Amino acid sequence: VIDADCRVEEGGLERLVAQADTRKAVVQATNLVDSPADRSALVAISTFAFRVRNLVRQRGLVRLGGAPLLQGTGMAFPWPMFAAAPLASDDIVEDLNLGIALLGQGHRLAWTERARVTSLPASREATVAQRTRWEHGFVASALAGVPRLVGGALRQRRLDMALLALDLLVPPLALLVLVTGLAWAAAGLLLLAGGEPGPFVILSVSLAALALAVLLAWAAEGRRLLPLAALLRAPLYILWKLPIYARLITRREKSWTRTARK
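Counting restarts for each chain: residues are numbered from 1 in the order of the written sequence. With the structure being a predicted model, the display of local features is reserved for residues of pLDDT at least 70 and the display and counting of side-chain atom pairs for 80 or more, all residues being used for whole-chain, interface and lining totals. For the side-chain quantities, the full set of heavy atoms in the structure was used; hydrogens and water were omitted.

Asker: Teacher, can you tell me more about the overall build of the protein chain here?
Answerer: Only runs of H or I of at least four residues qualify as helices and only runs of E of at least two qualify as strands under DSSP, and these elements are numbered from the N terminus. In terms of helices and strands, the protein chain carries eleven helices and four strands. The 262 residues of the protein chain split such that 46% are buried. The method behind every accessible area is Shrake-Rupley, applied with a 1.4 Å probe, and residues are considered shielded solely by the protein chains displayed. Carbon and sulfur atoms provide 65% of the accessible area of the protein chain, an area that totals close to 13400 Å². Here's how the labels work: a residue is buried when its accessible area is under 20% of the maximum for its type, exposed when over 50%, partly exposed in between, all with a 1.4 Å probe on protein chains only.

Shown next as C-alpha cells:
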C-alpha cells in the first residue's frame, strides 16, 4: 500500500515485499517527509517531529520488541491478512487502528529501515489541518486502543502488544512537552507556596530528560532537516499548536481531509 503522493527509494518496494513474504507479517516501511524547501521554521520543526515519531520512536520500539505503528503508506501485507483486515472504515487514523485490529487477530507487525517512502512537506496552512486530524485521531484511538492491546497482550502472552500499548500512552511530542511544562510550573508554584519539593524535583528531572532526548534525536536524525537555531524556536511551535489541542476539548476533528502537497 503506497500513497499516490509518496516516492519509494530504488529497490525499496522489492525489499519491503520480500520481508513481508519472509516474515509472514505485515511490514511497515520507514515513512518520512522530505526536508521543506521553504525552510519555514514551524514547518521544519513539524517535519522533525514527524521524523521523531516515524523513525526514532519506531526504531526504539521495535528494538525493545514492540509492535510498530502502521502509518498508512509503505505497508506490505501477506494476502490472507489483507483479505481479512477490517478495511471498510471512515476512521481518520485508520492505519493506527488497522494495526491494533490485526494484532488482536493474532497477526504480527514488523518495521524495516531497508525500505523508505518519502513525501513532500505540506504547506504551513495544510500542516495545521494535517496535524489536527492526526493528533485528534491519535488521542481518541489511544484511549480506545490501549485497553484492547493490554487485554490482548494478557490473553495471547505477547510482549509486542504490551509495549505498543505503553508507546501509545506517550502523547505527541509537542503535547508531551506542553503537559510536562505546565505540570512543572504548577509544581513550582506549589513549592513557593510552601508545598513539598518532591513533585517539583521529579518534574524537573523529567523535563530535563525530555529536553535531552529531543536534542539527541536532533543530533542523530534532525540536523539535515533544521538548524539548531530553528530547533530553539520549538516553544513558538508549541504555541502555534495550542489551538489544535484546545479543539480536543471544544470540537474534536472527526473527518478526513486530503492534505495538499507542494
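Text resumes after the structure shown.
Asker: Even after reading the chapter, I still don't get the sheet that holds strand S4 (residues 109-119), so can you show me in this structure?
Answerer: Hydrogen bonds between backbone groups are what pair the strands of a sheet, and the pairing can be parallel or antiparallel. If you trace the four strands from one edge of the open sheet to the other, you get S1-S4-S2-S3, paired in mixed fashion. Lying at the two open borders of the sheet, with one neighbouring strand each, are strand S1 (6-8) and strand S3 (75-76). When DSSP locates at least two bridges between a pair of strands, those strands are taken to pair. Two elements, strand S2 (residues 26-33) and S4, share eight bridges in a ladder whose sense is parallel. Note on S4: the bridge partner recorded for Val27 is Ala110.

Asker: How should the layout of surface pockets be read in this particular structure?
Answerer: Rolled over the atoms, a probe as big as a water molecule pinpoints where empty space is left. As a volume, the second largest pocket reaches approximately 420 Å³. Cavities and pockets are found on a 1 Å grid laid over the protein atoms alone: a cavity is a set of points where a 1.4 Å probe fits but cannot escape, a pocket is an open set with protein on both sides within 12 Å along at least five of seven lines, and a lining residue has an atom within 4 Å of such a point. As for the second largest pocket, its lining consists of 17 residues, and the residues nearest its centre are Val177, Val214, Leu231, Ala234 and Ile238. Considering each element in turn, the lining of the second largest pocket owes the most residues, five residues, to helix H8 (residues 198-222). Ten residue types, Ala, Val, Leu, Ile, Met, Phe, Trp, Tyr, Cys and Pro, are classed as nonpolar, four, Asp, Glu, Lys and Arg, as charged, and the remainder, Gly among them, as polar. Here the residues of the lining of the second largest pocket are counted per class, giving 17 nonpolar, no polar and no charged. Grid points are joined across faces, edges and corners, and a volume is the space filled by probe spheres set on the points.

Asker: Got a minute to help me understand the side chain of Asp160 in this structure?
Answerer: Of note, Asp160 is situated in helix H6 (residues 159-168). Within polar-contact distance, the side chain of Asp160 engages the side chain of Arg108 at 3.4 Å. Any two residues whose heavy atoms approach within 4.5 Å are treated as being in contact. Discounting chain neighbours no more than four positions away, the residues touching Asp160 are Gly65, Gly66, Ala67, Leu103 and Arg108. Here a polar contact is taken to be a pair of N or O atoms separated by no more than 3.5 Å, where protein atoms must pair a possible hydrogen donor with a possible acceptor and residues adjacent in sequence count only if both atoms sit in side chains.

Asker: Help me understand the pattern of salt bridges in this model?
Answerer: As a working rule, side chains carrying opposite charge can pair if their charged atoms are close by. When a carboxyl oxygen of Asp or Glu is within 4 Å of a side-chain nitrogen of Lys or Arg, the pair counts as a salt bridge. Tallied over the full model, the rule gives eleven salt bridges. For Arg116, the salt bridge identified is with Glu113, shortest N-O distance 3.6 Å. For Arg116, a relative accessible area of 25% puts it in the partly exposed group. Taken together, the shared-partner salt bridges connect Arg59, Glu113, Arg116, Glu221 and Arg224 into one network.

Asker: Even after reading the chapter, I still don't get the packing of helix H2 (residues 41-64) against H6, so can you show me in this structure?
Answerer: Packed helices, taken two at a time, are described by the angle between their axes plus the distance between the axes. Fitting a line to C-alpha atoms yields each axis, with helices limited to the stretch in contact; the angle taken between N-to-C directions then spans 0 to 180 degrees. It is the contact of H2 with H6, at a shortest axis distance of 10 Å, that shows an interaxial angle of 145°. By crossing handedness, the relation of H2 to H6 is classed as right-handed. Residue-level contacts link Arg53, Arg57, Leu61 and Leu64 of H2 to Leu159, Leu163, Leu164 and Asp167 of H6. Crossing handedness is read from the near helix: turned anticlockwise from the far helix by less than a right angle, it gives a left-handed crossing, and turned clockwise, a right-handed one.

Asker: When you look at the environment of Asp21 in this model, what are you seeing that I'm missing?
Answerer: Secondary-structure assignment places Asp21 in helix H1 (residues 12-23). For Asp21, a relative accessible area of 49% corresponds to the partly exposed category. Along the chain, Asp21 and Trp79 lie 58 residues apart, while their C-alpha atoms are 9.7 Å from each other.

Asker: Could you clarify how one ought to interpret the environment of Leu102 in this entry?
Answerer: Within the secondary structure, Leu102 is located in helix H4 (residues 94-104). Spatially, the C-alpha atom of Leu102 lies 8.4 Å from that of Pro86, the residues being 16 residues apart in sequence. The contact partners of Leu102, leaving out residues within four places of it in the chain, are Val26, Leu70, Phe77, Met81, Ala85, His107 and Leu109.

Asker: I tried to follow the packing of aromatic side chains on my own but got confused; where do I start?
Answerer: Pairs of aromatic rings are described using the distance from one ring centre to the other and the angle between the two planes. Within 6.5 Å between ring centres, the rings of Phe, Tyr and Trp (the latter by its six-membered ring) count as paired, and their orientation is classed by plane angle as stacked under 30 degrees, edge-to-face over 60, tilted in between. As enumerated under the stated definition, the model contains four aromatic pairs in all. Here Phe77 and Phe82 contribute two aromatic rings whose centre-to-centre distance is 5.2 Å and whose plane-to-plane angle is 70°, an arrangement assigned as edge-to-face. For Phe82, a relative accessible area of 24% translates into the label partly exposed. Clustering of aromatic rings is evident, with ring pairs tying together Phe77, Trp79 and Phe82.

Asker: Where do I start with a nonpolar patch on the surface in this structure?
Answerer: Two distance rules govern patches: like charges are joined within 9 Å, and nonpolar side chains (Val, Leu, Ile, Met, Phe, Trp, Tyr) within 5 Å, applied only to residues with over 30% relative accessible area and no salt bridge. On the surface, a nonpolar cluster with roughly 290 Å² of combined accessible area is contributed by Ile2, Val8, Leu13 and Val17. Residue placement: Val17 occurs in helix H1. Overall, Val17 belongs to the partly exposed group, its relative accessible area being 46%.

Asker: I tried to follow the nonpolar core on my own but got confused; where do I start?
Answerer: Where a protein is soluble and globular, its nonpolar side chains tend to be buried together. Buried residues of nine kinds, namely Ala, Val, Leu, Ile, Met, Phe, Trp, Tyr and Cys, make up a nonpolar core once their side-chain atoms join them within 4.5 Å. Leu102, Leu149, Leu164 and Leu168 are the most contacted members of the largest nonpolar core, which totals 26 residues. For this core, the secondary structure elements donating two or more residues are H4, helix H5 (124-156) and H6. By size, the runner-up hydrophobic cluster in this structure holds 22 residues, among which are Ala44, Ile45, Leu178 and Tyr245.

Asker: Quick question: what am I supposed to make of the side chain of Thr30 here?
Answerer: Examined against the element boundaries, Thr30 turns out to sit in strand S2. In contact with Thr30, other than residues within four places in its own chain, are Asn54, Leu55, Trp111, Thr112, Glu113, Ala115, Arg116 and Val117.

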